[in-house]
Amino acid sequence: LSMASERGVPFVLHAHGDNIDNWASLLDILHSNGTPLMLTHQTPENILGMHNPGGFTDGDRAVCLALAMDVLSSQLTLRGFRTDIIGRWTGATIPERKMRKLEWMERVLDIAGVTM
């Protein structure tokens, strides 16, 4: 991530409760490199300087963000999206809750016209 930041790759960051220290550390790196940055959240409130593009998982949130930036659903190709298992990159989670989020992700993607 540091190398991408040094090269000027833009970042979209979404904080989770289990990654606050890593998130803060990465923010320091991005800020010191002048990296283009968009912050997202998933709360009903408006937060100055942040966006809530929608979505229940990082994957469908990324799709919602792309659609909000006028990317057409037909231009999106998804890889590695699954709703039948919890992926290996999922952090600390409650399996039943995560499976419900994956069901919602599938619904959001279906409504958006994006196929997995």
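A.B. asks: Looking at this structure, I do not really get the environment of Ile-94. What am I missing?
C.D. replies: Residue placement: Ile-94 occurs in the loop between helix H3 (58-68) and helix H4 (95-112). Between the alpha carbons of Ile-94 and Thr-83 there is a distance of 15 Å; along the sequence they are 11 residues apart.

A.B. asks: Before we go on, may I ask you to explain the pattern of salt bridges in this structure?
C.D. replies: One side chain can pair with another of opposite charge once the charged atoms of both are near each other. For the coordinates displayed, the defined rule picks out 2 salt bridges. A salt bridge links Arg-61 to Asp-58, with the shortest nitrogen-to-oxygen separation between them at 2.6 Å. In this pair, Arg-61 and Asp-58 both sit in helix H3, 3 residues apart, roughly one turn of the helix. For Asp-58, a relative accessible area of 46% puts it in the partly exposed group.

A.B. asks: What's the story with the layout of surface pockets in this structure? I'm lost.
C.D. replies: Gaps left between atoms are located by rolling a probe of water-molecule size over the structure's atoms. Its volume calculated, the largest pocket comes out at about 1,100 Å³. Lining the largest pocket are 37 residues; nearest its centre among them are Asp-58, Trp-89, Thr-90, Gly-91 and Lys-98. Those elements that provide at least two residues to the lining of the largest pocket are strand E1 (11-14), helix H2 (20-33), H3 and H4. Ranked by residue count, the leading element in the lining of the largest pocket is H4, at 5 residues. Here the residues of the lining of the largest pocket sort into 16 nonpolar, 13 polar and 8 charged.

A.B. asks: Can you help me understand unusual backbone geometry in this one?
C.D. replies: Keep in mind that most residues, glycine aside, have a negative phi and that most peptide bonds are trans. The phi angle at Asp-70 is positive, at roughly 70°, despite the residue not being glycine. Mapping Asp-70 onto the fold places it in the loop between H3 and H4.

A.B. asks: So what exactly am I meant to see when it comes to the pairing of E1 here?
C.D. replies: As judged from the 4 bridges shared by E1 and strand E2 (residues 37-40), these two strands associate in the parallel manner. Counterpart to Phe-11 in the pairing with E2 is Leu-37.

A.B. asks: Just checking my understanding: could you explain the side chain of Ser-5 for this structure?
C.D. replies: Along the chain, the position of Ser-5 falls in helix H1 (residues 2-6). By relative accessible area, Ser-5 is classed as buried at 1%. Beyond its immediate chain neighbours, meaning those up to four positions away, Ser-5 contacts Phe-11, Ile-29, Leu-30, Asn-33 and Thr-35.

A.B. asks: Please explain the packing of H3 against H4 as it appears in this structure.
C.D. replies: Each pair of packed helices can be described by the angle between their axes along with the distance between the axes. Following both chains from N to C, one finds H3 and H4 inclined at 25°, their axes separated by 10 Å at the closest point. Classified by the interaxial angle, the pair formed by H3 and H4 is roughly parallel. The hand of the H3/H4 crossing is left-handed. Residue-level inspection shows Asp-60, Val-63, Cys-64 and Leu-67 of H3 in contact with H4, the latter providing Met-105, Val-108, Leu-109 and Ala-112. Of the residues in the contact of H3 with H4, the class split is 7 nonpolar, no polar and 1 charged.

A.B. asks: Please explain the side chain of His-41 as it appears in this structure.
C.D. replies: Its place among the elements puts His-41 in the loop between E2 and strand E3 (50-51). On the basis of relative accessibility, which here comes to 7%, the residue His-41 falls in the buried class. A polar side-chain atom of His-41 sits 2.9 Å from a polar atom in the side chain of Thr-43. Ignoring sequence-local partners within four residues, the contact set of His-41 consists of His-14, Ile-47, Met-50, His-51, Asn-52 and Pro-53.

Calculation rules
- Residues numbered from 1 in each chain as written.
- Predicted model: local features only at pLDDT ≥ 70, side-chain atom pairs only at ≥ 80, totals over all residues.
- Heavy atoms only, no water.
- Helix = DSSP H or I, 4+ residues; strand = E, 2+ residues; numbered from the N terminus.
- Salt bridge = Lys/Arg side-chain N within 4 Å of Asp/Glu carboxyl O.
- Buried < 20%, exposed > 50% of the residue type's maximum accessible area, 1.4 Å probe, protein only.
- 1 Å grid on protein atoms, 1.4 Å probe; cavity = no way out; pocket = protein on both sides within 12 Å on 5 of 7 lines; lining within 4 Å.
- Points joined across faces, edges and corners; volume = space filled by probe spheres on them.
- Nonpolar A, V, L, I, M, F, W, Y, C, P; charged D, E, K, R; others polar.
- Pairing = 2+ DSSP bridges.
- Contact = heavy atoms within 4.5 Å.
- Axes fitted to C-alpha atoms, helices over the stretch in contact; angles between N-to-C directions.
- Parallel < 35°, antiparallel > 145°, perpendicular 65-115°, else oblique.
- Left-handed = near helix turned anticlockwise from the far one by under 90°.
- Polar contact = N/O pair within 3.5 Å; in protein donor to acceptor, adjacent residues only side chain to side chain.

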